[in-house]
Amino acid sequence: MLNYGFLPLVLAVSVFAPIGCDGGDDTGGLDGRDKDVVRQDIQSIDLALDLAALTGRAALVVVPGEGKVTLDVAGLDVSAVTLDGASVEPDILDGTLTVSTPGATDAVTVGVDYAFTARTPMTFDGWMPLLGVTFVWPYYCSNLFPCDPSMDDGVTFTMDVTGVEDGMTAVYPTSTYGDGPTYIAAVAVGEYTKLDLGVTTAGTSLSAWYLGDGLDDAEEGTAHLVDAFDYFEQTYGPYNFGPVAGTVEVDWGADSWGGMEHHPFVHVGKFDFNDEEAQVHEAGHGWFGDGVRIACWEDFVLSEGTTTYIAARALEQVDGPSEWAYYVDDFLVPICEDSSRDPTLVNTIVLPDTCNEIDFVNDDLWSITPYMKGACFYEEVADVIGQDELDVVLSEFYTTHVGQAARMQDMVDLIEERAPETDRAAIEALVDDWLLSFDCPENYAARCRTHGN
Ligand SMILES: [Zn+2]
């Protein structure tokens, strides 16, 4: 995600928060379950959406937990439920569908037929026919399909979309191939033209889908995308979301800035489709954010700080533009000087010491601050241990945790473990300065902007 303009929209839809998202509910909410209880594992969701009829059919392969499968269906009108093909009576309480699976220890298949509601640009999360795009970040999956929005359960999607108007193209992956966060699934519908961008050394084929006469924007924004994607693959590890990937121009109305990490086909807002940083940032989420999920919303910096850093790193390495002046002048300075009235540029501690206890979309952590303080943390770690050496640590972290959820503290620990003994005190000071302090460190702008080695 790199869209600070979304703040009011996300706030506006927060009344639709599905059960379990506000935490503290130990009676049935998906996030309220006892941490010691054996959790269910949704392995895959096969999703068939009819965008004309506003109906869906989902087949979820799930390893049950505690003799049942529980699914968030808060935004759906469920018409039929099956368990391994046999019809069962829907048991829905407070937006949670429970399917009893007595005796089942292996995966079962839960089928759900349902209707969903068309959302408007104001209510946002879900399918928005006026904009031709779905959006379920951060935990509004149940506005579009039955799911478990909690981050520790990754899922692989297969998708089929029908009910598309003549002359329009629906862009979506038939498979996401690897486990990612539940919000990874998306479809965009519009008058798209596909631009082939090329193939990486590892064989990943990249394309851009642009709207209308957007060819110039597409070419400008993706000028270094194949090379940057190649850098990610060669430096951090194999891409986890299949042999074909790309970027899709989307219309988010007045807030069509930034993008959303719907790998393998990321969405980038129409105002930023010509922006190389936005394009490479969303690609980078294939490694951090989607490839390695965050375990808690408090780990947002692991997704956004890391991705902001590797986007600038990759662009520099492939002779693209430098993004550090942009990061520092446009974002970090207003954050640190408290000089902006923009609520997305509010200063905050970017690594809180809790896990899924904050009300994320109403917390200051949902701001640009984790992006920039996080990127500056990595930039200064690179100044201490070396940029190539930091890349080696990022690669080890990615290959260790890909397809799983991880915490920012795991990253900090690995950096400290792999750093030379003589650098550890300096790294601990950077953790304090950038991740654990409210105030920005002295000389923050010069420190973040300047590459030591
Ligand atoms: Zn992002």
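As a reminder, the structure under discussion sits directly above these lines.
It should be emphasised that the depicted structure is a prediction, and the values quoted were computed from it without experimental measurement.

Calculation rules
- Residues numbered from 1 in each chain as written.
- Predicted model: local features only at pLDDT ≥ 70, side-chain atom pairs only at ≥ 80, totals over all residues.
- Heavy atoms only, no water.
- Helix = DSSP H or I, 4+ residues; strand = E, 2+ residues; numbered from the N terminus.
- Rg over C-alpha atoms; globule rule 2.2 N^0.38 Å.
- Buried < 20%, exposed > 50% of the residue type's maximum accessible area, 1.4 Å probe, protein only.
- Contact = heavy atoms within 4.5 Å.
- Areas by Shrake-Rupley, 256 points an atom, 1.4 Å probe, with all protein chains shown as cover.
- Lys, Arg positive; Asp, Glu negative; His and termini not counted.
- Charge placed at Lys NZ, Arg CZ, Asp CG, Glu CD.
- Salt bridge = Lys/Arg side-chain N within 4 Å of Asp/Glu carboxyl O.
- Pairing = 2+ DSSP bridges.
- Core = buried A, V, L, I, M, F, W, Y, C linked by side-chain atoms within 4.5 Å.
- Axes fitted to C-alpha atoms, helices over the stretch in contact; angles between N-to-C directions.
- Expected span 1.5 Å × (residues − 1).
- 1 Å grid on protein atoms, 1.4 Å probe; cavity = no way out; pocket = protein on both sides within 12 Å on 5 of 7 lines; lining within 4 Å.
- Points joined across faces, edges and corners; volume = space filled by probe spheres on them.
- Disulfide = S-S within 2.5 Å.

**Notes on the overall build of the chain**
Working step 1: Helix and strand content of the chain: 11 helices and 20 strands.
Working step 2: Taken over C-alpha atoms, the radius of gyration comes to 21 Å for the chain, in line with the 22 Å a tight globule of 453 residues would show.
Working step 3: Seen through its principal axes, the chain has C-alpha atoms that stretch 65 × 50 × 45 Å.
Working step 4: For the chain, with 453 residues in total, the buried portion stands at 57%.
Working step 5: Within the chain, contacts between residues at least 6 apart in sequence are counted, and of these 69% link residues at least 24 apart.
Working step 6: As presented, the chain carries roughly 16800 Å² of accessible surface, and 48% of it is formed by carbon and sulfur atoms.
Working step 7: Distance from the positive charge centre (17 side chains) to the negative charge centre (80 side chains) of the chain: 4 Å.

**As for the pattern of salt bridges**
Working step 1: Overall, the coordinates contain 13 salt bridges when judged by the stated rule.
Working step 2: For the salt bridge of D113 with R57, the shortest nitrogen-to-oxygen distance reads 2.7 Å. Of this pair, D113 sits in strand β8 (residues 108-116) while R57 sits in strand β2 (residues 55-63), and the two are 56 residues apart along the sequence.
Working step 3: Taking relative accessible area as the criterion, R57 reaches 53% and is therefore assigned exposed.
Working step 4: In this structure, the salt-bridge partner of E421 is R424, at a minimum N-O distance of 3.4 Å.
Working step 5: Judged by its relative accessible area of 60%, E421 is exposed.
Working step 6: Connected via shared salt-bridge partners are R39, D148 and D152.

**Here's the deal with the sheet that holds strand β3 (residues 68-72)**
Working step 1: One open sheet accounts for three strands, arranged β3-β7-β6; its pairing is antiparallel. Lying at the two open borders of the sheet, with one neighbouring strand each, are β3 and β6 (92-93).
Working step 2: Two elements, β6 and strand β7 (residues 96-100), share two bridges in a ladder whose sense is antiparallel. Bridge pairing in β7 places L93 opposite T96.

**Some thoughts on the nonpolar core**
Working step 1: The biggest cluster of nonpolar side chains holds 130 residues, and the ones touching the most others in it are Y114, F145, F360, F377 and Y378.
Working step 2: Among the nonpolar cores identified, the runner-up in size contains eight residues, and L195, A208, Y210 and V268 belong to it.

**Considerations on the sheet that holds strand β16 (residues 244-250)**
Working step 1: Pairing within the open sheet is mixed, and its five strands lie in the order β14-β15-β16-β18-β17. Of all strands in the sheet, those with a lone pairing partner are β14 (192-199) and β17 (259-260), marking the two edges.
Working step 2: Judged from the seven bridges that link them, β14 and strand β15 (residues 205-211) form a sheet pairing that is antiparallel. In the strand pairing of β15, G198 is matched with L206.
Working step 3: Most of the contacts of helix α3 (residues 225-236) go to β14, to which it runs at about 50 degrees, and overall it touches β14, β15 and β16.

**Concerning helix α5 (residues 300-317)**
For the α-helix, the turn length of 3.6 residues means that residues three or four positions removed from each other point alike.
Working step 1: Taking 1.5 Å of rise per residue, 18 residues should cover 26 Å, and α5 covers 25 Å from first to last C-alpha, within 8% of that figure.
Working step 2: The element α5 is extensively covered by neighbouring structure, given that 16 of its 18 residues are classed as buried.
Working step 3: D319, located one to two residues past α5, shows a positive phi value of around 65 degrees.

**Section: empty space enclosed by the protein**
Working step 1: By the definition in use, this model includes four cavities of 30 Å³ or more.
Working step 2: In terms of lining, the largest cavity is formed by L206, L225, F229, A245, G246, T247, H263, P264, V266 and A283.
Working step 3: Mapped onto the lining of the largest cavity, the elements with two or more residues apiece are α3 and β16.
Working step 4: The biggest single contributor to the lining of the largest cavity is β16, with three residues.

**What to know about the state of the cysteines**
Working step 1: In total, this model carries four disulfides according to the counting rule given.
Working step 2: Linked covalently through their sulfurs, C141 and C147 form a disulfide whose S-S length is 2.2 Å. Judged by the torsion about the S-S bond (80 degrees), the C141/C147 disulfide is right-handed.
Working step 3: Accessibility expressed as a relative area gives 2% for C141, which makes it buried.
Working step 4: In this model C296 forms its disulfide with C355; the gap between the sulfur atoms is 2.0 Å. Taking the torsion about the sulfur-sulfur bond, which here is approximately -85 degrees, the covalent link between C296 and C355 counts as left-handed. Here C296 is found in the loop between β19 (293-294) and α5, whereas its partner C355 is found in the loop between α6 (324-337) and α7 (369-385), with 59 residues between them in sequence.
Working step 5: Note on C296: relative accessible area 1%, which makes it buried.

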